[in-house]
Amino acid sequence: MVRDMIGTFSKGFKVLAIISLCSFLAACSDYKEVNQISFAIGVALDKENDGTYKATLQVVNPSNVTSASSTGGQGPAILNYQGQGRTVGEAMWKSFEKLPRPASFPHLEIVVISEAIAKEGLLNALELFDREPDVRLSTAVTVSHNSSACSILNALTPLNKIPSNSLISNLENIKKVAGTGQSLTISQIIQYIKDDGQEVAISTVALPKKKKSTGDLSNLEKASPTSPEIDGTAFFKEDKWVTWSKNHEIRPVLIAYNEMKSSYITAPFEKHKFVTAHLLTVKSKKYTTVKDGIPYLKMNVKGIAEIEEIKGLYTLENDKDLQPIEKSVEEEIKKEIKKMIALTQKYQTDTLGFGKQLSFQHPSQWKYYRKSWSSLYQKAQTEVHVDISIKTAGSRTHSNQFQRGETQ
Amino acid sequence: MKEKINTIQFFCLIVLFEIGSALLLEVGRSAGKYGWISLIVAGLLGCILYLVYTKLHTYYPSLPLTQYTQLIWGKHIGIIISFLYALYFMYMAARILRDFTALLLIMAYRNTSPVILAALMMGVCMYGIKQGIQTIGRVALAGFVLLFSILFLIIIFQWINGLLDVENVRPIIPRDWSPILHTIFPTALTIPFGEMIAFSMIFPDLDQKSKVKKIGLYAIIASCLFLAFSSIVNIMILNEDIVESSIFPLLSAASLVDIAHFITRLEALVVITLVTLGIFKLLVFFYCTVIGIADILQIKNQNKLILPIGLLILTLSFAIAPNYIEHIYIGIHKVPYYLHIPLQIVVPILLLLTAFIKNRKKHN
């Protein structure tokens with residue numbers, strides 16, 4: 001049958017078939033064995049004093065990743081290579097010179113950018129990663145605070161052998177559990193920066209002060225090794241870092257974008273009493289209007305919480321007893337949001353996206369105020385309503401101390 | 001007995017042809033987040049253009065475009081116009097080949113010679129045309145089912161992944177119509193909807209000629225809705241700024257899919273899908289060139305032309321532009337004005353007017 005098929009072709013086609021069969025061989029020219037490439041998993045960008053960039057490329061050392069020590073080697077699971085240059089690209093390329101195998105970027109997980117570069121502008125630093133087709137746009141980006149970006153990638157981490165992976169899971173975990181941090185991807189950051197009427201806030205990573213040979217395997221032999229932690233939030237205006245604040249102050253941003261999955265809040269109520277509540281779902285709605293040149297910003301927050309802990313004597317019997325607790329939690333969230341709005345107003349950066357909201361609600365007003373929005377935002381009047389309803393109080397009613405007080 | 005294609009195959013071939021490179025280049029993107037509006041309006045205008053082509057076809061139901069031009073405008077002018085059309089189809093085939101070679105080169109095969117990538121695609125097309133229009137039709141039907149299931153699967157993945165952000169397409173009603181109008185005409189109307197002129201070479205191959213108009217209109221509307229839908233999805237995922245600056249927005253959008261760190265890096269799937277779509281578009285233009293030149297030179301056996309024209313298109317695809325950026329620039333700023341508008345809109349309408357007057361005289 002094959003002979004019949006070939007028979008139907010003209011001579012030209014037979015020649016063509018032979019030529020095209022040869023061309024299949026060319027497809028192998030791009031082929032690399034897994035053991036001939038090194039997987040870049042993280043990149044850290046620093047700025048040196050002389051104005052050049054320093055890139056740290058984190059490459060996986062596959063034989064040391066597996067924990068079974070029979071086959072695994074002794075050293076760390078990663079290797080860091082550094083290069084220096086006038087652009088990010090040049091610095092990266094210089095670091096390639098030191099690699100024993102060509103680097104492959106499809107598995108890049110994280111880009112750590114130093115504070116100095118972030119203050120200069122993120123877009124310049126991210127240009128290379130956005131342009132390179134091998135790098136996924138879903139690669140996470142974080143900013144180092146008070147410590148160099150390379151020291152973050154250098155610190156060996158205990159639970160996850162690869163520092164980059166550990167950092168990523170840390171960022172994901174903090175958002176899922178505590179709601180005080182978030183990991184943004186390259187594409188999200190570029191979207192935030194380029195969009196009018198909203199600014200970006202990025203979780204920052206820092207090494208604890210007492211750093212001592214964190215890049216040593218001995219670091220892992222301690223019960224509490226020094227590993228990078230997420231210590232706060234950097235607020236950006238356009239693509240430049242303008243201010244920084246503590247960890248939980250990113251919470252209003254997550255609430256404003258309805259990104260909050262879970263969080264814990266501790267609020268004082270009555271006298272010397274505290275309640276720790278677990279926020280389960282928090283949803284918000286923003287409203288923006290401009291009247292006589294002054295923007296009015298309104299944010300309505302609704303949420304469900306459960307009581308985790310009550311410190312101090314307290315009877316918890318009916319709905320009435322819940323009221324002061326709910327109120328104190330509401331006040332605490334309100335305070336947090338107001339504080340953050342005040343901070344961003346000070347730096348004229350509309351992190352919560354009220355400008356964007358104006359463009360949805362009053363497009364004609366937005367067209368008019370778009371150019372002067374950041375200075376207008378500074379003068380804005382804010383109004384925050386929070387409505388938290390407590391659904392459950394865990395597995396007990398009264399607080400422990402109260403019962404003991406009664407029996408005595 | 002000439003080979004024929006049936007209506008379903010015809011429908012699939014049109015949809016694959018229309019979507020082909022329009023999906024790759026994200027035609028409506030110069031209108032920002034309103035790309036979908038410009039695509040839908042351009043699609044409706046494209047239907048009107050299609051009616052012009054089918055009306056011409058009803059006057060000469062068994063002849064392709066390159067033959068009835070000679071009947072309408074006389075032997076000498078007609079043959080020049082026919083030759084121009086044949087060259088136009090050849091140039092378009094070369095453009096499509098270049099587009100998809102660049103896609104493969106940028107996204108997958110960095111170190112492979114572009115000649116080999118292009119030659120492999122061209123080889124597939126030469127084989128397809130050697131097999132004839134009936135085979136192309138059958139493959140189109142199979143390809144339609146396969147490619148659309150992949151495209152929808154990717155959109156479902158993006159949806160499950162929570163990448164679709166409705167806020168990015170708001171506000172829905174545009175305030176500034178000028179970029180939208182500019183996108184509709186000439187860009188979106190001519191690529192892909194005006195390119196339906198190529199099908200006036202294929203109309204005689206359809207088995208039920210009475211259905212040419214109906215099936216074609218359905219196919220154009222279906223493809224315009226799909227393009228608009230895909231444009232909205234991409235804007236939702238990437239936001240208009242990234243869509244405008246990205247070289248292949250569809251791929252950037254697919255690269256963001258990450259379901260439980262397991263279903264990731266769908267670009268490879270998208271590249272395969274897009275290249276397959278591109279091959280259908282290339283097939284249609286190539287086929288039109290072959291039958292057009294066979295008509296003009298009055299060559300009975302079309303198969304003799306496949307190899308030389310194929311190699312010519314292959315060479316042309318590298319000669320038309322020094323680099324990909326220039327290629328795209330020519331495609332957006334030059335081709336619509338100097339090629340698409342005259343050959344897709346002006347000439348067919350003039351032909352129709354002449355044919356209309358001629359036929360009325362005959363009736364009188």
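Keep in mind that this is a model prediction, so the values were computed, not measured.

Calculation rules
- Residues numbered from 1 in each chain as written.
- Chains lettered and ligands numbered in written order.
- Predicted model: local features only at pLDDT ≥ 70, side-chain atom pairs only at ≥ 80, totals over all residues.
- Heavy atoms only, no water.
- Helix = DSSP H or I, 4+ residues; strand = E, 2+ residues; numbered from the N terminus.
- Rg over C-alpha atoms; globule rule 2.2 N^0.38 Å.
- Buried < 20%, exposed > 50% of the residue type's maximum accessible area, 1.4 Å probe, protein only.
- Contact = heavy atoms within 4.5 Å.
- Areas by Shrake-Rupley, 256 points an atom, 1.4 Å probe, with all protein chains shown as cover.
- Buried area = accessible area lost by both parts, 1.4 Å probe.
- Salt bridge = Lys/Arg side-chain N within 4 Å of Asp/Glu carboxyl O.
- Domains from an automatic or database assignment.
- Polar contact = N/O pair within 3.5 Å; in protein donor to acceptor, adjacent residues only side chain to side chain.
- Nonpolar A, V, L, I, M, F, W, Y, C, P; charged D, E, K, R; others polar.
- Axes fitted to C-alpha atoms, helices over the stretch in contact; angles between N-to-C directions.
- Parallel < 35°, antiparallel > 145°, perpendicular 65-115°, else oblique.
- Left-handed = near helix turned anticlockwise from the far one by under 90°.
- Core = buried A, V, L, I, M, F, W, Y, C linked by side-chain atoms within 4.5 Å.
- Pairing = 2+ DSSP bridges.
- Phe/Tyr/Trp six-rings, centres within 6.5 Å; stacked < 30°, edge-to-face > 60°.

Caption draft 1: Molecular detail of the overall build of chain A. Helix and strand content of chain A: 14 helices and 14 strands. The C-alpha radius of gyration of chain A comes to 27 Å, more than 25% above the 22 Å expected for a compact globule of 408 residues. Once the C-alpha set of chain A is aligned to its principal axes, its extents read approximately 95 × 65 × 65 Å. A total of 408 residues make up chain A; the buried ones form 50% of that total. Summarising the internal contacts of chain A: among those between residues at least 6 apart in sequence, 71% fall at separations of at least 24. When the accessible surface of chain A is totalled, it reaches about 20400 Å², and 52% of it is carbon and sulfur.

Caption draft 2: Region of interest: the environment of F354(A). Residue and element names in this part refer to chain A. Tracing the backbone shows F354 in helix α11 (residues 354-361). Given a relative accessible area of 0%, F354 falls into the buried group. With 337 residues separating them along the chain, F354 and A17 place their C-alpha atoms 63 Å apart. When neighbours within four sequence positions are excluded, F354 is seen to be in contact with G197, K286, Y287, T288, L297, K298, M299, I341, W373 and Y377.

Caption draft 3: Looking closely at the interface of chain A and chain B. Tallying the contact residues gives 28 residues for chain A and 32 residues for chain B. When chain A packs against chain B, the two sides together hide about 2900 Å² of surface, and 58% of this comes from carbon and sulfur. At the junction of chain A and chain B, the tally comes to two salt bridges. Two residues, E132(A) and R110(B), come together in a salt bridge whose shortest N-O distance is 2.5 Å.

Caption draft 4: Structural context of the domain arrangement of chain A. All names here are of chain A. Annotation of chain A at the domain level lists domain 1 (35-256) and domain 2 (262-408). Each partner contributes residues to the interface: domain 1 has 25 residues there, and domain 2 has 29 residues. Roughly 2200 Å² is buried in total at the junction of domain 1 and domain 2, and carbon and sulfur atoms are behind 57% of that figure. One can count four salt bridges joining domain 1 with domain 2. In this structure, the salt-bridge partner of E249 is K339, at a minimum N-O distance of 3.0 Å. On inspection of domain 1 and its partner domain 2, the count reaches 16 residue pairs in polar contact (both at pLDDT 80 or more). Elements represented by at least two residues in the side of domain 1 that touches domain 2 include exactly α7 (163-178), β9 (229-237), β10 (240-246) and α9 (251-256). No other element matches the five residues that α9 contributes to the side of domain 1 that touches domain 2. In terms of residue class, the side of domain 1 that touches domain 2 is made up of 11 nonpolar, six polar and eight charged.

Caption draft 5: Region of the structure containing the environment of G121(A). All names here are of chain A. Position of G121 relative to the elements: it lies in the loop between α4 (115-120) and α5 (122-131). In this structure the C-alpha to C-alpha distance between G121 and D239, which are 118 residues apart in sequence, comes to 4.9 Å. What G121 contacts, discounting residues up to four positions off in sequence, is D239 and K240.

Caption draft 6: Fine view of the packing of helix α1 (residues 7-25) of chain B against helix α6 (residues 133-160) of chain B. Residues and elements named next belong to chain B. Between α1 and α6, the least distance of the axes is 8 Å, while the angle of their chain directions is 55 degrees. If you check the angle between α1 and α6, you find them oblique. α1 and α6 meet at a crossing whose hand is left-handed. Two secondary-structure elements touch here, α1 through I8, Q9, F11, C12, L13, V15, L16, I19 and L23 and α6 through I136, G137, R138, A140, L141, G143, F144, L147, F148 and L151. Classifying every residue of the contact of α1 with α6 by side-chain character gives 15 nonpolar, three polar and one charged.

Caption draft 7: Representation of the pattern of salt bridges. Per the counting criterion, the structure on display carries 18 salt bridges over all chains. In this structure, K54(A) engages E48(A) in a salt bridge whose closest nitrogen and oxygen atoms are separated by 3.9 Å. Overall, K54(A) belongs to the buried group, its relative accessible area being 16%. By sharing partners, the salt bridges in this structure join E132(A), D134(A) and R110(B) into a single network.

Caption draft 8: Expanded view of the nonpolar core. If you look at the biggest cluster of nonpolar residues, it comprises 126 residues, and the most contacted ones within it are F89(B), F199(B), L274(B) and F286(B). In terms of residue count, helix α10 (residues 267-297) of chain B provides more of this core than any other element does, 19 residues in total. Beyond its immediate sequence surroundings of up to four residues, L274(B) is in contact with L23(B), L24(B), F100(B), L103(B), L250(B) and L251(B). Counting residues in each nonpolar core, the second largest holds 93 residues, with A201(A), I250(A), V275(A) and I237(B) among its members.

Caption draft 9: Broad picture of the sheet that holds strand β13 (residues 294-311) of chain A. Residue and element names in this part refer to chain A. Pairing is mixed in the open sheet, where four strands are placed in the order β11-β12-β13-β14. At either end of the open sheet lies a strand with only one pairing partner, and these are β11 (263-269) and β14 (381-392). Put simply, the sheet's adjacent strands are angled 40 degrees from each other on average, direction ignored. Across seven bridges, β11 lies against strand β12 (residues 273-291) in antiparallel orientation. From the neighbouring strand, A267 faces β12, where its bridge partner is V275. Sheet strands in contact with helix α10 (residues 319-346) are β11, β12, β13 and β14, and its direction is about 145 degrees off that of β14.

Caption draft 10: Seen up close, unusual backbone geometry. All names here are of chain B. Of note, the amide linkage connecting F185 to P186 takes the cis form, showing an omega dihedral of 5 degrees. Position of P186 relative to the elements: it lies in helix α7 (residues 178-190). Looking along the chain, the bond that leaves I191 and enters P192 is cis, with omega of 10 degrees. A positive phi angle, near 75 degrees, is found at N239, a position not held by glycine. Residue position: N239 is located in helix α8 (residues 212-245). For A260, which is not glycine, the phi dihedral falls at a positive 55 degrees. Here A260 shows up in the loop between β1 (258-259) and β2 (263-264). A260 sits in the exposed class, given a relative accessible area of 67%.

Caption draft 11: Region of the structure containing the packing of aromatic side chains. Residue and element names in this part refer to chain B. Per the counting criterion, the structure on display carries 22 aromatic pairs over all chains. Plain terms: the ring middles of F144 and F148 are 4.7 Å apart, the flat faces sit at 35 degrees to each other, and that makes the pair tilted. Here F148 and F144 lie together in helix α6, a separation of four residues that amounts to about one turn. Take F144 and F148: they sit in the same class, and that class is buried. Arranged with centres 5.5 Å apart and planes meeting at 75 degrees, the rings of F152 and F226 form a pair that is edge-to-face. Here F152, found in helix α6, pairs with F226, found in helix α8; they are 74 residues apart in sequence, far enough to count as distant. Of the residues examined, F152 reaches a relative accessible area of 36% and is grouped as partly exposed.

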